[in-house]
Structures are given as C-alpha cells and as structure tokens.
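Fold and contact review
Each chain is listed here by its residues.
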Amino acid sequence: MSAVDMRVRIGDLELRNPVMTASGTFGSGREYAEFVDLSRLGAVVTKGVSIEPWSGNESPRIAETPCGMLNSIGLQNPGVEAFCANDLAWLAAQDVPVIVNVVGHSVDEYAAVAAQLDSEPVVSALEVNISCPNVDAGGMAFGTTCAAAAEVTRAVRAETRKTLVVKLSPNVTDIAEIARAVEAEGADGVSLINTLLGMAIDTRTFAPKLARGVGGLSGPAIRPVAVRMVWEVARAVAVPVIGMGGVTCAEDAAEFMLAGAAAVAVGTANFVEPSATLSVIDGLERFCAERGIARVAELTGAAWPERGKRET
Ligand code: SIN
C-alpha cells in the first residue's frame, strides 16, 4: 500500500490513480502490453469506435512538428462489432477500467454505438468524441457549438447509464460554454483538450505534409493552451475534468491537476516512450510524498486563487 492515496473518482468510477491513456495514442492497449502492465493504469481509453468500420484518411497522415506532431488519421477503426469481439474480449482479462471513445458521423450513429456498448460489462465508461478535427462529418463539427454538443450528449445519455465523459475541442472561442452545455445534458465529466487544428508544408515539394492538408496538433507544444482551458472549464462546471495535452512527466500531470483536473491522460508521449504512463504514475506519487500530500486528489484545483499560495 502506497503512503499516498492515489485514488480519484470520475462519476461513479473509482480509478486506482489519476493517469489514463489518451484516445488514439494507445490502440486498445494490446500493442503496449509488452511495455506496460495495464493493471497499473488509472484507465485505458480506447481508440474511437464507430458503428461501421472506418478506413481513415489517405497517407501521409502523420507529420512531426517542433515539440509535437500533427495527425490526420480520420478515426480509422474496425467498427463496434469487431471491437467488442476482439479488443473488448482481450481487455476483459486485463484488470483495468476501460473507457471507450465513441465516434459517429451523425447523432444517431453516436447513439447506436452507445446503445451497443451499454450492454458490455467490461466497459466502465464512454468518452464521447465531439472533437476530432480529421473527419468531414461528425467529430469536431459536433463540438464547436453548444447546441450540437448538447444534442449528441442528450442522445448518448438516453442510451446508457454508464459514466459518460465528453471530449471537448480546443478549436472554439469559449470552451467553458461547451462544457456547461454537455454538463446540462447529463455528462458525468469532460475531457480536454483534443488536438488543435494545424498544418505543415514541405518547403522542398511546396505541398502540405499531410495528404488531407490539415490535421490535429498534439504534444508538449499545446500544453499551455490545454492547461489554460482546463483551468477555465474546471472553474465553470461541477463535474470532474480529465486534462490532457502534452503530458510527458509527473510535473506536467501535476500542473493539469493544479489547474483543476481530477485526472490526466498521456497521449503523444506514448509514441516517444511506450512506458510514459508508468513514469507519470510513479513520479506523481513521489511528487505528492515529497510535499507531504496524503491524497493525490488534493492537487485538484490547488492553484486556484481562493486556495492561497503554498508555503515552500
Ligand atoms: C484521428 O483518428 O483522427 C485522431 C483522433 C481524434 O482526434 O480524436
């Protein structure tokens, strides 16, 4: 038993620690299992799952950038039926909470995936993805107005009693108003941020580096934007916030929690160091122990002005 209580709650879900994987950077965990004991994670958040199989966008769909990367994968996945038969069946034996990222081209498609997953006991929670910038229909289009975000959340809420998290887009003027809209429709939590819409051009060929032209920027380059948005959202809603965007080490995770996140997700860092999640968990525990913090949850919102400055 660790001296620091690392447990946190997201809705009805108790996690053994606040560190999870970010959707789209960890598959369903199988490819990482030789590097990471999944049972040590707070949760595995899967790649987006749609009602039918999706093949994703044309290649190239990855480009490196200073302190980050662009992707335009396009939510490639085998569809919910194959996902349940293969990935969920495998995850059932891993002793880790499973949060399934749900995607759709239409409100009805989101609702249909949620309905199917609702009967799967191994699914602990759903993360409704209204923030992917890489698809022409659905994705971010549902996450940039309060009305559309509310409509998807309402439709999914009607299909499931499982813990419901909505993943928000940073490509908006006021992310807090979107968070309030999904909270009002029954979201048990919000996760943020998904990628920032970006672009890179090859100066040798004069062509965009991604076949789709634009893609989503992730990695440490976006962390200050993400921390600012977590701060704004966590102060605007009562439900827990899962913070992400360039987390590479324990101090980064602590920064998100100090801004108001109840939990954090590690994304792009998994591509650099497959066991990044484990060093964040161990480092976060050390971070708390060294400062005499008994419960990691005490970090949440500890930087808010009303809490006062910590004596050092
Ligand atoms: C993708 O598959 O395009 C990335 C996932 C996302 O942005 O949600």
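Higher on the page you've got the structure.
Below: a short report on this structure. (Residues numbered from 1 in each chain as written. Predicted model: local features only at pLDDT ≥ 70, side-chain atom pairs only at ≥ 80, totals over all residues. Heavy atoms only, no water.)

1. A short note on the overall build of the protein chain
- Check the secondary structure of the protein chain and you find eight helices and 14 strands.
- Taking 20 Å as the expected radius of gyration for a compact globule of 312 residues, we find that the protein chain reaches 18 Å, a close match to that expectation.
- Seen through its C-alpha atoms, the protein chain measures out along the principal axes to roughly 50 × 50 × 40 Å.
- When each of the 312 residues of the protein chain is scored for burial, the buried share is 56%.
- Sequence-distant contacts in the protein chain: of pairs separated by 6 or more residues, those separated by 24 or more amount to 72%.
- Carbon and sulfur atoms make up 51% of the accessible area of the protein chain, which amounts to about 13,000 Å² in all. (Helix = DSSP H or I, 4+ residues; strand = E, 2+ residues; numbered from the N terminus. Rg over C-alpha atoms; globule rule 2.2 N^0.38 Å. Buried < 20%, exposed > 50% of the residue type's maximum accessible area, 1.4 Å probe, protein only. Contact = heavy atoms within 4.5 Å. Areas by Shrake-Rupley, 256 points an atom, 1.4 Å probe, with all protein chains shown as cover.)

2. Re the pattern of salt bridges
- The full count for this structure, using the stated rule, is 13 salt bridges.
- For Arg 7, the salt bridge goes to Asp 5, with nearest N and O atoms at 2.9 Å.
- Salt bridges sharing partners connect three or more residues here, namely Arg 223, Asp 252 and Glu 255. (Salt bridge = Lys/Arg side-chain N within 4 Å of Asp/Glu carboxyl O.)

3. Considerations on unusual backbone geometry
- Here the amide bond leading from Ser 59 into Pro 60 is cis, since omega sits at -5°, within 30 degrees of zero.
- Positionally, Pro 60 belongs in the loop between strand 4 (44-45) and strand 5 (62-65).
- Cis geometry is adopted by the peptide bond preceding Ile 193, which originates at Leu 192 and carries an omega value of 10°.
- You can see Ile 193 is positioned in the loop between strand 10 (189-192) and strand 11 (196-199).
- Despite not being glycine, Asp 95 has its phi angle at roughly 55°, a positive value.
- If you trace the backbone, Asp 95 turns up in the loop between helix 1 (80-91) and strand 7 (98-102).
- The exposure class assigned to Asp 95 is exposed, which follows from its relative accessible area of 53%.
- Despite not being glycine, Phe 206 has its phi angle at roughly 65°, a positive value.
- Its place among the elements puts Phe 206 in the loop between strand 11 and strand 12 (214-218).

4. Overview of the packing of helix 4 (residues 175-184) against helix 5 (residues 223-234)
- Interhelical geometry of helix 4 versus helix 5 gives an angle of 45° and a closest axis separation of 9 Å. What the angle tells us is that helix 4 and helix 5 run oblique. Once helix 4 is placed against helix 5, the crossing between them reads as right-handed. Residues Ile 175, Ala 176 and Ala 179 of helix 4 touch helix 5, and the partners they reach there are Met 229, Glu 232 and Val 233.
- Across the contact of helix 4 with helix 5, the residue classes break down as five nonpolar, no polar and one charged. (Axes fitted to C-alpha atoms, helices over the stretch in contact; angles between N-to-C directions. Parallel < 35°, antiparallel > 145°, perpendicular 65-115°, else oblique. Left-handed = near helix turned anticlockwise from the far one by under 90°. Nonpolar A, V, L, I, M, F, W, Y, C, P; charged D, E, K, R; others polar.)

5. Remarks on the site of the ligand
- Near the ligand, the surroundings consist of Lys 47, Asn 71, Ile 73, Gly 74, Leu 75, Asn 129, Cys 132, Pro 133, Asn 134 and Asn 194.
- In this structure, Asn 129 approaches the ligand through a side-chain N or O atom, which is 2.8 Å from an oxygen atom.
- Asn 194 is positioned with one of its side-chain polar atoms (N or O) 3.1 Å from an oxygen atom of the ligand.
- Protein burial of the ligand: of its 260 Å² of free accessible surface, 95% is covered by the chains.
- Tallied by class, the residues present in the shell around the ligand amount to four nonpolar, five polar and one charged. (Near = heavy atom within 4 Å. Polar contact = N/O pair within 3.5 Å; in protein donor to acceptor, adjacent residues only side chain to side chain.)

6. A word on the packing of helix 2 (residues 107-118) against helix 3 (residues 146-157)
- Relative to each other, helix 2 and helix 3 sit at 30°, their axes nearing to 8 Å. One finds that helix 2 runs roughly parallel with respect to helix 3. Viewed along their axes, helix 2 and helix 3 form a crossing whose handedness is right-handed. Contacts between helix 2 and helix 3 involve Val 107, Tyr 110, Ala 111 and Ala 114 on the former and, on the latter, Glu 151, Val 152, Ala 155 and Val 156.
- Residues that form the contact of helix 2 with helix 3 fall into these classes: seven nonpolar, no polar and one charged.

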